[in-house]
Amino acid sequence: MTDSIINRVSNIAYNIDTDEITLPKSIKIELASICNHKCTYCIVPKLKNTKHFISDEIFYKVISEVKRLKIPEIGLFHMGEGTLHPKFKSYISYVKKTYPECVIFITTNGILLDPLKYAVKNNIKSIKFSLNGYNKLSHLDVTGCDTFDLIIKNIQELIKYRNSIQSKTQISASSIYYNNSEQDSFSEYLDTLVDKHYYTQIYNHAAKIDNKFIDLSNNSKILKHLCELPCFGLYNLCHIKTTGDINLCRFGIDEEFTIGNIMNSNLEDIWFSEKANNLRNDSTSGKLDTCNKCIGINNGL
């Protein structure tokens with residue numbers, strides 16, 4: 001397929017202008033701050049969130065700002081599992097109706113098939129499965145849930161459904177790479193199933209999780225330059241939490257990187273604010289301890 005997930009991610013991650021800050025190329029909207037997996041590498045199960053789902057008021061305000069500023073794409077997820085939101089379907093319909101030119105993409109753990117079929121029916125741009133186990137045992141070990149067979153079945157059914165209705169939704173998968181032959185064999189199977197499969201680095205969620213960097217420099221299936229300074233999350237990718245807080249960090253889990261709230265100001269004033277620019281400068285110049293310890297941009301060194 002043209003305009004693949006690799007091309008879109010590359011456009012966000014590689015084209016960074018630190019001298020002339022522009023509006024974000026993409027916005028991730030956290031519909032849910034909870035998840036139905038308990039992944040060992042993830043901070044979400046360890047967070048004590050009080051606001052699990054984004055409200056209509058906040059969501060509609062975000063979409064209004066996205067449309068006004070002509071932001072080209074939105075992701076209906078962030079740290080949690082977006083398909084858990086009771087209004088996941090209606091939010092897709094709302095975006096399609098009010099801002100039809102907007103590209104919609106999601107990342108999901110793939111447990112819930114029905115909302116994913118609705119997304120495919122509505123021709124959203126991309127659905128990516130985050131599939132970080134390569135068999136039942138490794139999946140259970142990583143996620144804490146015995147859902148491996150269900151997710152594989154859901155991927156198969158979703159692709160069959162997409163093809164039957166001739167939807168243009170791209171269906172891909174990504175996996176944290178553990179550097180073993182069993183995973184490579186599973187990856188070869190995924191290549192026959194989804195439109196694209198690729199590996200990602202294991203992250204430590206802004207140094208909040210004790211994960212270790214894995215050298216993937218010689219692996220052809222890893223997306224290059226995602227773990228380098230300057231961090232593309234600070235410049236090209238905006239993150240809006242269930243509370244309406246806007247967080248510059250790709251992992252967006254503490255107030256250090258919170259630069260404002262969408263309900264209190266317009267998006268561009270927050271994005272170009274003094275605090276936002278100071279965070280960008282301090283991160284890029286190595287002055288932020290959190291960034292210096294983050295595998296996501298600095299190999300955790």
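These lines cover the structure that appears in this document, whether it is placed above or below.

Quick notes on the rules
- Residues numbered from 1 in each chain as written.
- Predicted model: local features only at pLDDT ≥ 70, side-chain atom pairs only at ≥ 80, totals over all residues.
- Heavy atoms only, no water.
- Helix = DSSP H or I, 4+ residues; strand = E, 2+ residues; numbered from the N terminus.
- Buried < 20%, exposed > 50% of the residue type's maximum accessible area, 1.4 Å probe, protein only.
- Axes fitted to C-alpha atoms, helices over the stretch in contact; angles between N-to-C directions.
- Parallel < 35°, antiparallel > 145°, perpendicular 65-115°, else oblique.
- Left-handed = near helix turned anticlockwise from the far one by under 90°.
- Contact = heavy atoms within 4.5 Å.
- Nonpolar A, V, L, I, M, F, W, Y, C, P; charged D, E, K, R; others polar.
- Salt bridge = Lys/Arg side-chain N within 4 Å of Asp/Glu carboxyl O.
- Phe/Tyr/Trp six-rings, centres within 6.5 Å; stacked < 30°, edge-to-face > 60°.
- Lys NZ or Arg CZ within 6 Å of the ring centre and 35° of its normal.

## Describing unusual backbone geometry
Then comes step 1: Within the chain, Asn123 stands out as a residue other than glycine whose phi angle is a positive 55°.
Then comes step 2: If you trace the backbone, Asn123 turns up in the loop between helix H4 (113-121) and strand S4 (126-130).
Then comes step 3: In this structure, Gln166 is a non-glycine residue whose phi angle is positive, near 60°.
Then comes step 4: Tracing the backbone through its elements, the reader meets Gln166 in the loop between helix H6 (148-165) and strand S5 (170-176).
Then comes step 5: Accessibility expressed as a relative area gives 68% for Gln166, which makes it exposed.

## Description of the packing of helix H3 (residues 88-98) against H4
Each pair of packed helices gets described by two things: the angle between the helix axes and the distance between those axes.
Then comes step 1: Relative orientation of the contacting elements H3 and H4 amounts to 10°, with a least axis distance of 9 Å. Taken together, the axes of H3 and H4 are roughly parallel relative to one another. In terms of crossing hand, the pair formed by H3 and H4 is right-handed. For the pair formed by H3 and H4, the contact residues are Phe88, Lys89, Ile92 and Ser93 on the first element and Asp114, Pro115, Tyr118 and Ala119 on the second.
Then comes step 2: For the contact of H3 with H4, the residue count by class is 5 nonpolar, 1 polar and 2 charged.

## A closer look at the pattern of salt bridges
Then comes step 1: Within the structure shown, the criterion is met by 9 salt bridges.
Then comes step 2: Among the salt bridges present, the one from Arg68 reaches Glu268, with a minimum N-O distance of 2.6 Å. In this pair, Arg68 sits in helix H2 (residues 56-68) while Glu268 sits in helix H9 (residues 267-271), placing the two residues 200 residues apart along the sequence.
Then comes step 3: It is possible to trace a salt-bridge network through shared partners that takes in Glu65, Arg68 and Glu268.

## Digging into the packing of aromatic side chains
Then comes step 1: Taken as a whole and assessed by the stated rule, the structure comprises 8 aromatic pairs.
Then comes step 2: A cation over an aromatic ring shows up here: Lys117 above the ring of Tyr161, its NZ or CZ 4.7 Å from the ring centre.
Then comes step 3: We note Arg280 situated over the ring of Trp271; from NZ or CZ to the ring centre the distance is 4.6 Å.

## Section: the packing of H6 against helix H7 (residues 181-193)
Then comes step 1: Running from N to C, H6 and H7 point in directions that differ by 25°, and their axes come no closer than 11 Å. One way to sum up the angle between H6 and H7 is to call them roughly parallel. Residues Phe148, Ile152, Ile155, Gln156 and Ile159 of H6 pack against Phe186, Tyr189 and Leu193 of H7.
Then comes step 2: The class makeup of the residues in the contact of H6 with H7 is 7 nonpolar, 1 polar and no charged.

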